[in-house]
Structure formats: structure tokens, C-alpha cells
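Survey of secondary and tertiary structure
Residues per chain, in single letters:
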Amino acid sequence: MTTEEKLAQALRTIADRAENLDVLPGVLAMRRKRARRRTRGALAVVCAAALAWGVTTAWPVPQLVVDPAGPGPARNAVERMWPQAVFTMPGRSRPLAAISATEVLVWNEQGRLDVYDAASRSSRTVAAPRQAPRYLAVDRERVAWLADGHVWIAPLRAGGQTSKVGPVPAENVDRLALAGQDVIWSAPLDGVWRMRIGRGVPERVSGSKGLQLVEWPWATDEPLDMRTNPTKVVNLQTGMTIQIRPASGVEGLRCGPTWCTGTRRDDTVVQRSDGSWNHVHQGLRGYPYQDRFFTAFGEIYDARTRTTVTFDSARLPSGGRQWSSGSGVIFWTQGGGVRVVNLAAIAQP
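First, a word on scope: everything that follows refers to the structure included in this document. What you see is a predicted model, and the numbers here were worked out from it, not measured in a lab. (Residues numbered from 1 in each chain as written. Predicted model: local features only at pLDDT ≥ 70, side-chain atom pairs only at ≥ 80, totals over all residues. Heavy atoms only, no water.)

Quick look at the overall build of the protein chain now. The secondary structure content of the protein chain amounts to three helices and 30 strands. Residues counted as buried form 51% of the 349 residues belonging to the protein chain. For the protein chain, contacts bridging at least 24 residues in sequence account for 45% of all contacts bridging at least 6. Roughly 16100 Å² of accessible area belongs to the protein chain as shown, and the carbon and sulfur atoms make up 48% of that amount. (Helix = DSSP H or I, 4+ residues; strand = E, 2+ residues; numbered from the N terminus. Buried < 20%, exposed > 50% of the residue type's maximum accessible area, 1.4 Å probe, protein only. Contact = heavy atoms within 4.5 Å. Areas by Shrake-Rupley, 256 points an atom, 1.4 Å probe, with all protein chains shown as cover.)

Below is the structure:
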């Protein structure tokens, strides 16, 4: 078997294992088809997939891209660039999402959703679901997750009760958000839905048919074929539509309102959604957090300042890195604790 064939086989295995962890059963077949298509076109591009608790296997390790204004990689270490965003948590809790500049939502190994406050170095329990949520959303006031065909809501502050709202009629829900008193979700080809938390009556968001959530209120017409580019990003509150213009030769774009990533042959490309600026930056993947941050292997790319920041993590025997990420958080085990980068702690430029 050639090196290329071995790599293709490894990529397929990683994609299949990631699907089984992160995807509801009704969409597994569709995601396998997507993964196989991307695998065939990504042999020389990076591949990352969450394989287990707190572990992301990466191959190959990309060349380090540093801030062109700086003298070298040391200037871009996350502890130097964003010291307010880095802290260490005790134990084996798994960070799930950023809440604020000091608080993150975590899954405790004892089967609880907790809020960890880096300022006070303390935790408080929010809820005890029967199993770790696969799809959840959090804001400053509450957390929501999908289970048993319903949405479960729990307040983040002490004294509140977990409640169940729904049922959720849309099949294959894969994205969830909170917006004020509404819980919002989307599914491939089914549009974006909303439900008032106190009422439990779902309705499709006007103008959302065929769209999927990116980060509320933004949604996009993401194609099922992962090599195909979307055409627009829509603000579902205002109706504002941004036309996506791929840079020359770029495929598989995934876009927020301002920034996208895609591939061009063997390269990973970051570009503006309107196509006015692009450059090669290996390893970036997925949608931007807060329309700004992309994650690569051992790196965080801030598209607004065009700066690459590195984070230290345990190196695997293969030369990859051991780390994982949630919504606005990146973490890895270190010295018996969990080292966390909280992107919500980074000020707007």
C-alpha cells in the first residue's frame, strides 16, 4: 500500500470515528458521504477529528505561521499574547463552552454540568443530565441541550430548576443556540427554528428555509457536498444578506459573516466572505468563533488582527498534538489539570 493510500485510509477511519461521537443517528449516512468526499480531496491537507475525551489527533503538523510584526514564535505564545485568557482547571473536567471572560461551562467526570470561574477558582453545579450533551448552547443566563426529542434548559445561577420544553419536531438537529427567551436550532435542509422557552411552541424562523445556523442571528445555505461552496450568509433578525464570493480555485468554504475557510488543491485558505482578501494558512477548519477565531493544530488564528498565536500541549508520539476544543474554548491535559484558553476573554480589537 502506498503512502497516499495509507493516509487516505487513516483519514476515512478518523472521519468515521468522529461521526459516531458527534452526530445524531439520523444524519450518520449523510455525514459519511460528506467525509468520504472531503477525504478524497484532502490527502495533503490537514485532518483533525475529536477521537476521545480531550483528545484531537492531528496529521501532519503544519508549518508555524507567526505574526509578521514579531521577531519569532515566542512572541506569539498564547500566555504572552493573551495572558488573561489562559488558566488551569483542576481534575478531569471537560470544558464545553465559553460563558464570559472568566467563566466556562464544563462537563464534570461525575456526570454534571458545572460552571467553572477562573477568577475565584471555584465551580458550581448547574444540572445533572443522564449523559454528556452532544448539542448544547449557553449564554450568560442559561444552558440548553437536546435530549430525548426535547430541549432541556437550566439556569446558570443558583436556585433555578432544570426544565424541559418541546418536543422538537425537526429531524436531525445538529446546531443549537440561545437568543433571549428563545431556543433556536437548525438541521440540514430543514431551516432554522425557534421556540419560546416558556411556551414550547416551535416555529420556523421567517426566511430561513434551506439555511443552517452559523452563530445566531447568522445562517448560511451550507451545501450537503462538503466540496461545494455556499452562496450567502443571512442575518435572520434584519434580513441582511451577504453574498459569498470564493477566491479563485477555493472549494468547501465555511463562512461567518466576514471570514471563511476553504481549500485550494493542497492548501487551506482563509478569506473574506466577499472575496476581497485571502491567503494560505494551513490547518484552519470550520466556522469562526465570534466571526474572528479559527483553530488549527496547536494554533489559534485571529482573522481580525491576522495574527497566529500558538499554544503548548502534550506532543503525541506521531508528532501531533493532544488537545480539543468547544465553543470558544481550547483545552488539553497538563500536569494533572486541564489547561484552558478562553477566547471570550480576548478583547475586541
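Read on for the rest.
Another aspect to go through is the state of the cysteines. Note on terminology: disulfide describes a covalent bond linking the sulfur atoms of two cysteines. Following the criterion strictly, the structure yields one disulfide and no others. Between the sulfur atoms of C255 and its disulfide mate C260 the distance is 2.1 Å. Taking the sign of the S-S torsion, 110° for the link of C255 and C260, the bridge is right-handed. Note on accessibility: C255 and C260 belong to one class, buried. (Disulfide = S-S within 2.5 Å.)

Pairing is antiparallel across the open sheet formed by four strands, whose spatial order is β16-β17-β18-β19. The open sheet has two edge strands, β16 (212–215) and β19 (241–243), and neither has a second partner. Looking at each pair of strands side by side, their axes are set apart by 30° on average, direction ignored. (Pairing = 2+ DSSP bridges. Axes fitted to C-alpha atoms, helices over the stretch in contact; angles between N-to-C directions.)

So, on to the nonpolar core. Membership of the largest hydrophobic core comes to 27 residues, with the highest contact counts inside it found for W82, M89, I300, V341 and L343. Looking at this core, the elements that each hand over two or more residues are β3 (86–89), β5 (103–108), β29 (329–334) and β30 (337–342). It is β29 that provides the largest number of residues to this core, a total of four residues. Membership of the second largest hydrophobic core comes to 16 residues, among which are A137, V151, V173 and W193. (Core = buried A, V, L, I, M, F, W, Y, C linked by side-chain atoms within 4.5 Å.)

The calculated volume of the second largest pocket comes to roughly 500 Å³. If you trace the second largest pocket, you find 22 residues lining it, with Q131, L146, A147, D148 and G149 closest to the centre. The element that contributes the greatest number of residues to the lining of the second largest pocket is strand β9 (residues 142–147), accounting for three residues. Its residues assigned to classes, the lining of the second largest pocket comprises 14 nonpolar, four polar and four charged. (1 Å grid on protein atoms, 1.4 Å probe; cavity = no way out; pocket = protein on both sides within 12 Å on 5 of 7 lines; lining within 4 Å. Points joined across faces, edges and corners; volume = space filled by probe spheres on them. Nonpolar A, V, L, I, M, F, W, Y, C, P; charged D, E, K, R; others polar.)

This paragraph deals with unusual backbone geometry. The step from G166 to P167 runs through a cis peptide bond, and the omega angle for that step is 10°. In this model, W216 is joined to P217 through a cis peptide bond whose omega is 10°. Residue position: P217 is located in the loop between β16 and β17 (218–220). With a phi close to 55°, Q290 is a non-glycine residue in the positive phi region. Secondary-structure assignment places Q290 in the loop between β24 (285–289) and β25 (293–296). Exposure remark for Q290: the relative accessible area of 25% places this residue in the partly exposed category. With phi around 50°, D291 is a residue other than glycine that occupies positive phi space. Take D291: its relative accessible area is 9%, and that puts it in the buried class.

The next point concerns the sheet that holds β30. Pairing is antiparallel in the open sheet, where four strands are placed in the order β3-β30-β29-β28. Of all the strands in the sheet, the pair left with one neighbour each is β3 and β28 (324–326). When strand polarity is set aside, the average angle formed by the axes of neighbouring strands in this sheet is 30°. Relative to β30, β3 runs antiparallel, the two sharing four bridges. Along β30, the bridge assignment pairs T88 with R339.

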